[in-house]
Amino acid sequence: SLVRYEGLNKSKESFLSKFITSKPTTSIDKSLLKQDAQRLQNLSSIGSANYRLDTIGGKIELVFEINEVRTLLPILNSGRITDNTWFQIGFTDINWLGKGQVLSASYLNNDLRHSGNVYFQVPRINNSNWGYSASLTLWNSLEPLFFDEGTILYEYGNDAIGLTAIRHFNFNRNIEFG
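Residues numbered from 1 in each chain as written. Predicted model: local features only at pLDDT ≥ 70, side-chain atom pairs only at ≥ 80, totals over all residues. Heavy atoms only, no water.

Enquirer: Even after reading the chapter, I still don't get the packing of aromatic side chains, so can you show me in this structure?
Expert: Two descriptors summarise a pair of aromatic rings, namely the distance from one centre to the other and the angle between the planes of the rings. The full count for this structure, using the stated rule, is seven aromatic pairs. Seen in terms of ring centroids, Phe15 and Phe19 are 5.4 Å apart; in terms of plane orientation they differ by 75 degrees. Their pairing is edge-to-face. Per residue, the accessibility class of Phe15 equals that of Phe19, and both read buried. Seen in terms of ring centroids, Phe87 and Tyr107 are 6.0 Å apart; in terms of plane orientation they differ by 55 degrees. Their pairing is tilted. Taken together, the residues span a long stretch of sequence, with Phe87 in strand β5 (residues 84–96) and Tyr107 in strand β6 (residues 101–110) at a distance of 20 residues. (Phe/Tyr/Trp six-rings, centres within 6.5 Å; stacked < 30°, edge-to-face > 60°. Buried < 20%, exposed > 50% of the residue type's maximum accessible area, 1.4 Å probe, protein only. Helix = DSSP H or I, 4+ residues; strand = E, 2+ residues; numbered from the N terminus.)

Enquirer: Explanation requested: the pattern of salt bridges in the structure shown.
Expert: Opposite charge on two side chains permits them to pair, given that their charged atoms come into close proximity. Enumeration over the complete set of coordinates arrives at eight salt bridges. A salt bridge links Glu6 to Arg4, with the nearest nitrogen and oxygen atoms 2.9 Å apart. Classification of Glu6 by relative accessible area gives partly exposed; the value is 27%. The class for Arg4 is partly exposed, based on a relative accessible area of 29%. In this structure, Glu155 and Arg113 form a salt bridge, with 3.6 Å as the shortest nitrogen-oxygen distance. Here Arg113 lies in strand β7 (residues 113–122) and Glu155 lies in strand β9 (residues 150–168), a separation of 42 residues in the sequence. A relative accessible area of 57% means that Glu155 is categorised as exposed. Through salt bridges that share partners, Arg4, Glu6, Arg52, Asp54, Glu61 and Glu65 make up one connected network. (Salt bridge = Lys/Arg side-chain N within 4 Å of Asp/Glu carboxyl O.)

Enquirer: Just checking my understanding: could you explain the environment of Tyr107 for this structure?
Expert: We classify Tyr107 as partly exposed; its relative accessible area is 29%. Sequence separation between Tyr107 and Ile75 is 32 residues, and the spatial gap between their C-alpha atoms is 9.3 Å. Setting aside residues up to four positions removed in sequence, Tyr107 forms contacts with Phe87, Gln88, Ile89, His114, Ser115 and Gly116. Within polar-contact distance, the side chain of Tyr107 engages the side chain of His114 at 2.3 Å. (Contact = heavy atoms within 4.5 Å. Polar contact = N/O pair within 3.5 Å; in protein donor to acceptor, adjacent residues only side chain to side chain.)

Enquirer: Is there a simple way to explain the confidence of the model for the chain in this structure?
Expert: As a general rule, the predicted coordinates of low-pLDDT regions are not to be interpreted in detail. Of all residues in the chain, 97% have pLDDT values of 70 or greater, and the mean over the chain is 91. Strand β1 (residues 2–6) is the least confidently modelled element of the chain, averaging 89 in pLDDT, while β7 averages 97, the highest of any element. (pLDDT = per-residue confidence, 0-100.)

Enquirer: I keep staring at the pairing of strand β8 (residues 130–147) and nothing clicks. Help me out?
Expert: On a regular strand, each side chain points to the face opposite its neighbour's, so the side chains alternate between the two faces of the sheet. For β7 and β8, the ladder comprises seven bridges, and the chain directions are antiparallel. Paired with Val122 across the strands is Tyr132, a residue of β8. Here β8 folds back onto β9, and the loop between the two strands holds two residues. (Pairing = 2+ DSSP bridges.)

Enquirer: Looking at this structure, I do not really get the sheet that holds strand β2 (residues 46–56). What am I missing?
Expert: The three strands lie next to each other as β1-β3-β2, forming an open sheet whose pairing is mixed. Unpaired on one side and paired on the other, β1 and β2 mark the two borders of the sheet. The average undirected angle you get between the axes of adjacent strands in this sheet is 20 degrees. With 10 bridges joining them, β2 and strand β3 (residues 59–68) adopt antiparallel strand pairing. Bridging across to β3, Leu53 finds its partner in Leu62. (Axes fitted to C-alpha atoms, helices over the stretch in contact; angles between N-to-C directions.)

Structure (structure tokens):
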């Protein structure tokens, strides 16, 4: 008995297999097959997922037909308000390395001050119910403080590190704490 995936461009079969509970046997449970296809389709990197059963040499083969979506997305922003021009450039990949991991990085120039962030998430560590995320944010800005005597511009800086643990209870419920 085999499980096979068609249409994969980036996603790894080992990653997708974590969401499949059906196995091709002589007694096929169509409701489980539909649940598996829906679980695959619920992944951010999958646009659609269908299944079919093939018989090859007397053995049943379960084939998931996958249509992946683009997962590497650009971050491009800019704007201008009175006395402040800013721009941001970066990327987000919601299926980094084809394993459902998230990697995002961006640079922000706000009023000639440099800021940026990096975010990384591993939703499941080695097919377990645990995952984690980590982030680093550097923020610098020029903030106005208003007094009766007038307005003063204050140079504000904030550097932050974030660590989060993820616990999956099932395919639809999880909790994050950090």
